[in-house]
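# Structure assessment
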Amino acid sequence: MRKKKLIIAVTVILLILTGYIALNWTTFKMEQQNRFYSLMYSRSDKFWAHMCNSVEKFQLMSKEYSGVEFDAIFYDKEGTFEISHDLPDKPEHSLELFLPTIAEFKDTKIWFDFKNLNHENAEAALNELENLLTKYGIDRKRFIIESHDYKELGIFRQHGFYTSFYVTINNKKFFKDEDGANEFRNEIRAVASSGNVDAISFPVSYYELVKSANVSNDLLTWNTHGEKWWHFYKRYDLKRLTDDEQVKVILIEHLTNYDRY
């Protein structure tokens, strides 16, 4: 009987502990990850905060990092930018909501991940961005304009913006054999020689492959959200990235209570 009571008691305690951990896991993960970043990453100005898609997170991260990244979608009909990773049915977090804060934190650099840049919207998007920056007195040189469409980045570069080509991502193809790797390298070289971009941006897992293309452009990278932060540290020589003068920015995921996807 005593043994049975002991088993029941232990089971109840384990259930309580499991429930407590489940309820507090997000907070625990946030605290541990952010503690790790504060110790390892914030010592270098190369490390910027990834996916600051809310004004509140932008404000917090601007106090800790030299730069932040957010995702932008241009709505052709409205002629406005939405700050979101995915395409909402309608704009809800316009770029203009962020601009007073961007103007306030004058030293914070901006990585502007332009999700849907294309031939049809490039000129209108450029005009809208230029008008907004003029309205709020924000220097365009603080911005990195990133897109998969390197040809349309040319018009932004011609107007004084720093631009970056977001590499084509196809792990199975590019990492399967040398033919796939060569296809990737040739694409990078063609983009680099186009005159449309200042930099090449890519997930950190592509670092060696991008380096093997031997282009002279700046390199910008990030740890993918599919990778846990400790994998990022274990699998890649952080010192090599920070010491590599060609690598200008390394985005990291810094969790907050104001995260928006």
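So, here's what we can say about the structure. (Residues numbered from 1 in each chain as written. Predicted model: local features only at pLDDT ≥ 70, side-chain atom pairs only at ≥ 80, totals over all residues. Heavy atoms only, no water.)

## Details of the overall build of the chain
What the chain contains, in helices and strands, is 10 helices and nine strands. Taking all 261 residues of the chain together, 46% fall into the buried category. Expressed as a percentage of contacts within the chain between residues at least 6 apart in sequence, the contacts between residues at least 24 apart total 65%. Here the chain has roughly 14,100 Å² of accessible surface; of this, 53% comes from carbon and sulfur atoms. (Helix = DSSP H or I, 4+ residues; strand = E, 2+ residues; numbered from the N terminus. Buried < 20%, exposed > 50% of the residue type's maximum accessible area, 1.4 Å probe, protein only. Contact = heavy atoms within 4.5 Å. Areas by Shrake-Rupley, 256 points an atom, 1.4 Å probe, with all protein chains shown as cover.)

## Details of the pattern of salt bridges
Overall, the coordinates contain 10 salt bridges when judged by the stated rule. We note a salt bridge from Arg240 to Glu208, for which the minimum N-O separation is 2.5 Å. Here Glu208 lies in helix H8 (residues 207-211) and Arg240 lies in helix H10 (residues 238-243), a separation of 32 residues in the sequence. For Arg240, a relative accessible area of 38% puts it in the partly exposed group. The partner of Asp244 in a salt bridge is Lys211, with the nearest N and O atoms 2.9 Å apart. With Asp244 in the loop between H10 and strand S9 (247-252) and Lys211 in helix H8, this pair connects stretches of sequence that are 33 residues apart. For Asp244, a relative accessible area of 11% translates into the label buried. (Salt bridge = Lys/Arg side-chain N within 4 Å of Asp/Glu carboxyl O.)

## Quick notes on the side chain of Asn53
By the element assignment, Asn53 lies in the loop between strand S1 (47-49) and helix H2 (55-62). Taking the relative accessible area as the measure of exposure, Asn53 reaches 0% and is therefore buried. At 2.9 Å, the side chain of Asn53 and the side chain of Asp71 are in polar contact. Aside from chain neighbours lying at most four places away, what touches Asn53 is Phe70, Asp71, Ile83, Ser84, His85, Phe98, Arg260 and Tyr261. (Polar contact = N/O pair within 3.5 Å; in protein donor to acceptor, adjacent residues only side chain to side chain.)

## So, the nonpolar core
One finds Phe70, Phe81, Leu95, Phe112, Phe156 and Ile200 to be the most contacted residues of the largest nonpolar core, which totals 56 residues. Per-element accounting of this core gives the leading share, six residues, to helix H4 (residues 122-136). Other than its neighbours up to four places away in sequence, Leu95 contacts Phe70, Phe81, Ile83, Phe112, Leu129 and Leu132. (Core = buried A, V, L, I, M, F, W, Y, C linked by side-chain atoms within 4.5 Å.)

## Details of helix H7 (residues 178-192)
Spanning 15 residues, H7 covers 21 Å between terminal C-alpha atoms, matching the ideal 21 Å at 1.5 Å per step. Within the sequence span of H7, burial applies to Gly180, Ala181, Phe184, Arg185, Ile188 and Val191. Considered in projection along H7, the buried side chains sweep an arc of 135° and stay on one side of the axis. Those residues of H7 that are buried are in contact with helix H5 (150-158), strand S6 (162-166), helix H6 (171-176), strand S7 (199-203) and H8. The N-cap residue of H7 is Asp177: its side-chain oxygen and the backbone nitrogen of Asp179 are 3.2 Å apart. (Expected span 1.5 Å × (residues − 1). Arc of directions from axis to C-beta.)

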